Amino acid sequence: MGEVVNLMAVNAQRCLAALAGLAVMLIIIPINALIGKKVKLLQMEQMTYKDERVKLMNEVLTGIKVLKLYAWDPSFRNQILKIREKEIRVLKSAAMWNASISFLWFCSSFLVSLVTFTVFVMIDEHNILTSETAFVATALFNIMRTAMSIIPLTVQVLLQFLVSYRRIDEFMNAEELDVNSVSHDENKDDPLIMEGGTFSWGTTNVERPILCNITLKIQPGQLVAVVGAVGSGKSSLISAFLGEMDKISGYVNTKGTIAYVPQQAWIQNATLRDNILFGSSFNRKKYINTIEACALKQDLDMLPGGDFTEIGEKGINLSGGQKQRVSLARAVYNDADIYLLDNPLSAVDAHVGKHIFENVIGPKGELRKKTRIFVTHGITFLSQVDKIIVLKGGEITEEGTFKELMAKKGEFSAFLVQHITPTDDPGLQSEIKDMLEDEPDKLIFTENIEHTKTESTRSSNSSLSNLTVDFDDDLEFTSHIDRLIQAEKTETGSVKWSVYTHYLKSAGILLCIATVGFMALFQAFSVLSSIWLSDWTNDKAAAVDGVQVPEKRSFFI
């Protein structure tokens, strides 16, 4: 019984002061949790704005030539600044909330000391605050303060980790493309087969597929042209064979190696030769034939370092036509079994396109023995292909040879009428005119057909005469590498004072002075609190005969 009384009267009473300090910490924790939740939401909002800003910056840098040409840079700058202002607003809010977390945790160490000492001296008048009690407790509180000062930083880093983890988790757990959507059965007779294929971009769009019920077989060595209006699914058909679309139903098989020439050329930051070789070994004769076939000889003569000229990121120092021809040359040099050509002549001039078709894509070109799918909007070369596929709304509406489709007078005829231009082959114009002579309202391009025939012939002859350049294995290549991207230089040694000055000016002189002033006050008050405790414990008048003097106790508290 006596032990129980002592536990209740002495031990529990002495633990009460420590529990009071613990209670302060327990009260602060949920407050910080609420603030932390707010900071997490702000960080998620900030990352959304950052994604939007980086995306816009990438678009600006990609099309910087066009922006400068049309003087659109002020408009895009304003758009970027608007996003940046939103981002800064969120950053300021997050900084204020983070500061409040730090403030509460720094205050908690002081509040724990205050509450603990106050409860200790208030619960019993015989509890005299001696130097041993005060400074041993203070030493323990200082040890706790070091750990507690890390807590705000830990909370901030933890919140940033959770936001980043959620974003990475969403990206890594996004639905993958089915690697088995395209099979590679080498026992099939035809190199490209698609039976009842229905495809979409992403599984969320399965109710509105891009390609519907596509059945197609392409024989070895066949040149197949794919035509149709914008948005009819021509490029998507190429992507379906490459396995880049989500297959809803059907069967797709490819046999052999594939070379792909995209509509937007992909160029590395390397020399022009490296862009063409793309890791393959250098064969001089093969390389020269590729350069000649892709009409790159004149471009090599113009470039300062020839084929050793360094090409910038995304081919910044090449024109659109040059990039497209380099991309095509890369595919030709690769010597694949199947060639998927997505409108490769869209960025080149008419006479250059004629040269490339005749020397690369066409029935007498470098790829004459290869299986080729040739997506195009032009109609000049359609009479020379083995088969024409007409797409409309993601479906094959017609397929056959040029003469077969001309005789049908269906979707292909409508496509010809929409895409014929005065610069196209005059013979083709006359053929279309004869085909549609019973429908004069469609002959919108035939008013000056005779004049066009003469001008087109003259233009073609002069263009071809300019393009025809005789060169053989004696073609000389420069060994000088013309560098575009220079090695970055880094500063060494200590940070210059100008950097600190610039930082202080950016932050604001008044804010910097206030920050330094408050830090000085913080250190001063920390020292003064120890001095105050020392005076309290050394004051002989604070206690008489082992009993506290209430006036003195209240004064020191």
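Given the structure is predicted, the values throughout are model-derived calculations rather than measurements.

## Observations concerning the overall build of the chain
Item 1. When you go through the chain residue by residue, the secondary structure sums to 17 helices and 11 strands.
Item 2. By residue count, 37% of the 557 residues in the chain fall in the buried class.
Item 3. Across the chain, the fraction of contacts at a sequence separation of at least 24, relative to all contacts at a separation of at least 6, is 74%.
Item 4. Of the roughly 32800 Å² of accessible surface on the chain, a fraction of 59% belongs to carbon and sulfur atoms.

## Quick notes on the nonpolar core
Note on soluble globular proteins: their nonpolar side chains tend to be buried together.
Item 1. Counting residues in each nonpolar core, the largest one holds 50 residues, and the members touching the most others are Ile276, Val360, Ile361, Leu382, Ile388 and Phe412.
Item 2. If you tally residues by element for this core, the top one is helix H9 (residues 320-334), at six residues.
Item 3. The residues contacting Leu382, other than those within four sequence positions of it, are Ala225, Val227, Thr376, Ile388, Phe402, Phe412, Phe415 and Leu416.
Item 4. Residues Val182, Met194, Val224 and Val252 belong to the second largest nonpolar core, which totals 22 residues.

## A short note on the sheet that holds strand E1 (residues 192-200)
Item 1. Spatial ordering of the open sheet is given by E2-E1-E4, a layout of three strands whose pairing is antiparallel. Each edge of the sheet is formed by a strand with only one pairing partner; in this case those strands are strand E2 (211-218) and strand E4 (246-254). Taken pair by pair, the neighbouring strands of this sheet meet at an average axis angle of 15°, ignoring direction.

## Some thoughts on a nonpolar patch on the surface
Item 1. Taken together, Phe518, Leu521, Phe525, Val527, Leu528 and Ile531 make up a surface patch of nonpolar side chains, about 620 Å² in accessible area.
Item 2. Here Leu521 is to be found in helix H16 (residues 509-538).

## Focus: the packing of aromatic side chains
Item 1. Summed over the entire model, instances satisfying the criterion amount to 13 aromatic pairs.
Item 2. When the ring of Phe357 is compared with that of Phe381, the centres are 4.4 Å apart and the planes differ by 15°; the resulting orientation is stacked. Pair noted here: Phe357 is in helix H10 (residues 350-361) and Phe381 is in the loop between strand E7 (371-375) and strand E8 (387-392), with a separation of 24 residues, a long-range link.
Item 3. Owing to a relative accessible area of 13%, Phe381 belongs among the buried residues under this scheme.
Item 4. Look at Trp536 and Phe556: their rings are 5.5 Å apart centre to centre, the planes differ by 5°, and that puts the pair in the stacked class. Highlighted residues: Trp536 in helix H16 and Phe556 in helix H17 (residues 550-556), separated in sequence by 20 residues.
Item 5. Overall, the relative accessible area of 7% leaves Phe556 in the buried class.

## Quick word on unusual backbone geometry
Item 1. One non-glycine residue, Ala71, lies in positive phi territory at about 55°.
Item 2. Its location among the elements puts Ala71 in the loop between helix H2 (64-69) and helix H3 (73-122).
Item 3. Despite not being glycine, Phe278 has its phi angle at roughly 55°, a positive value.
Item 4. For Phe278, the position within the fold is in the loop between helix H6 (272-277) and helix H7 (284-293).
Item 5. What makes Phe278 partly exposed here is its relative accessible area of 44%.

## Observations regarding the sheet that holds strand E6 (residues 338-342)
Item 1. Spatial strand order, E5-E6-E7-E3-E8-E9: six strands in an open sheet with mixed pairing. Two strands lie at the open edges of the sheet, namely strand E5 (258-261) and strand E9 (395-400), each paired on one side alone. Ignoring which end each strand starts from, the neighbouring axes of this sheet average 15° apart.
Item 2. Relative to E7, E6 runs parallel, the two being bridged by five bridges. Residue pairing in the sheet places Tyr339 in a bridge with Arg372 of E7.

## Side note on the pairing of E7
Item 1. Of all five residues that make up E7, five are buried, and the element is covered over most of its length.
Item 2. Burial along E7 is two-sided: Thr371, Ile373 and Val375 and Arg372 and Phe374, pointing in opposite directions, are all buried.
Item 3. Judged from the four bridges that link them, strand E3 (residues 223-228) and E7 form a sheet pairing that is parallel. By the bridge assignment for E7, Val226 is matched with Val375.

## Observations concerning the pairing of E6
Item 1. Here E6 lies mainly inside the structure; five of its five residues are buried.
Item 2. Residues Ile338, Leu340 and Asp342 point to one face of E6 and Tyr339 and Leu341 to the other, with burial holding for every one of them.
Item 3. As defined by bridge partners, E5 adjoins E6 across four bridges and the pair is classed as parallel. Paired with Ala259 across the bridge in E6 is Tyr339.

## Describing the side chain of Gln222
Item 1. Relative to the assigned elements, Gln222 resides in the loop between E2 and E3.
Item 2. For Gln222, the contacting residues outside a window of four places in its chain are Lys217, Lys370, Thr371, Arg372, Asp386 and Lys387.

## Describing the packing of H7 against H9
Item 1. It is at 9 Å that the axes of H7 and H9 come closest, and there the two elements cross at 140°. Relative to H9, H7 is oriented so that their crossing is right-handed. Where H7 abuts H9, its residues Lys286, Tyr287 and Thr290 lie against Ala329, Val332 and Tyr333.
Item 2. Its residues assigned to classes, the contact of H7 with H9 shows four nonpolar, one polar and one charged.

## Topic: the pattern of salt bridges
Item 1. Under the definition given, this model contains 14 salt bridges.
Item 2. Between Asp73 and Lys68 there is a salt bridge, and its shortest N-O distance comes to 3.5 Å.
Item 3. For Asp73, a relative accessible area of 28% corresponds to the partly exposed category.
Item 4. A residue is classified by how much of its surface remains accessible, and Lys68, at 55% relative accessible area, is exposed.
Item 5. Across the pair Lys552 and Asp539 runs a salt bridge whose closest N-O atoms are separated by 3.3 Å. A residue pair is termed long-range when its members are at least 10 positions apart, and Lys552 in helix H17 and Asp539 in the loop between H16 and strand E10 (543-544) qualify at 13 residues.
Item 6. For Asp539, a relative accessible area of 22% gives the class partly exposed.
Item 7. Among the charged side chains, a salt-bridge network with shared partners connects Arg53, Arg84 and Glu87.

Thresholds, definitions, all that
- Residues numbered from 1 in each chain as written.
- Predicted model: local features only at pLDDT ≥ 70, side-chain atom pairs only at ≥ 80, totals over all residues.
- Heavy atoms only, no water.
- Helix = DSSP H or I, 4+ residues; strand = E, 2+ residues; numbered from the N terminus.
- Buried < 20%, exposed > 50% of the residue type's maximum accessible area, 1.4 Å probe, protein only.
- Contact = heavy atoms within 4.5 Å.
- Areas by Shrake-Rupley, 256 points an atom, 1.4 Å probe, with all protein chains shown as cover.
- Core = buried A, V, L, I, M, F, W, Y, C linked by side-chain atoms within 4.5 Å.
- Pairing = 2+ DSSP bridges.
- Axes fitted to C-alpha atoms, helices over the stretch in contact; angles between N-to-C directions.
- Patch = residues over 30% accessible without salt bridge, like charges linked within 9 Å, V, L, I, M, F, W, Y side chains within 5 Å.
- Salt bridge = Lys/Arg side-chain N within 4 Å of Asp/Glu carboxyl O.
- Phe/Tyr/Trp six-rings, centres within 6.5 Å; stacked < 30°, edge-to-face > 60°.
- Left-handed = near helix turned anticlockwise from the far one by under 90°.
- Nonpolar A, V, L, I, M, F, W, Y, C, P; charged D, E, K, R; others polar.

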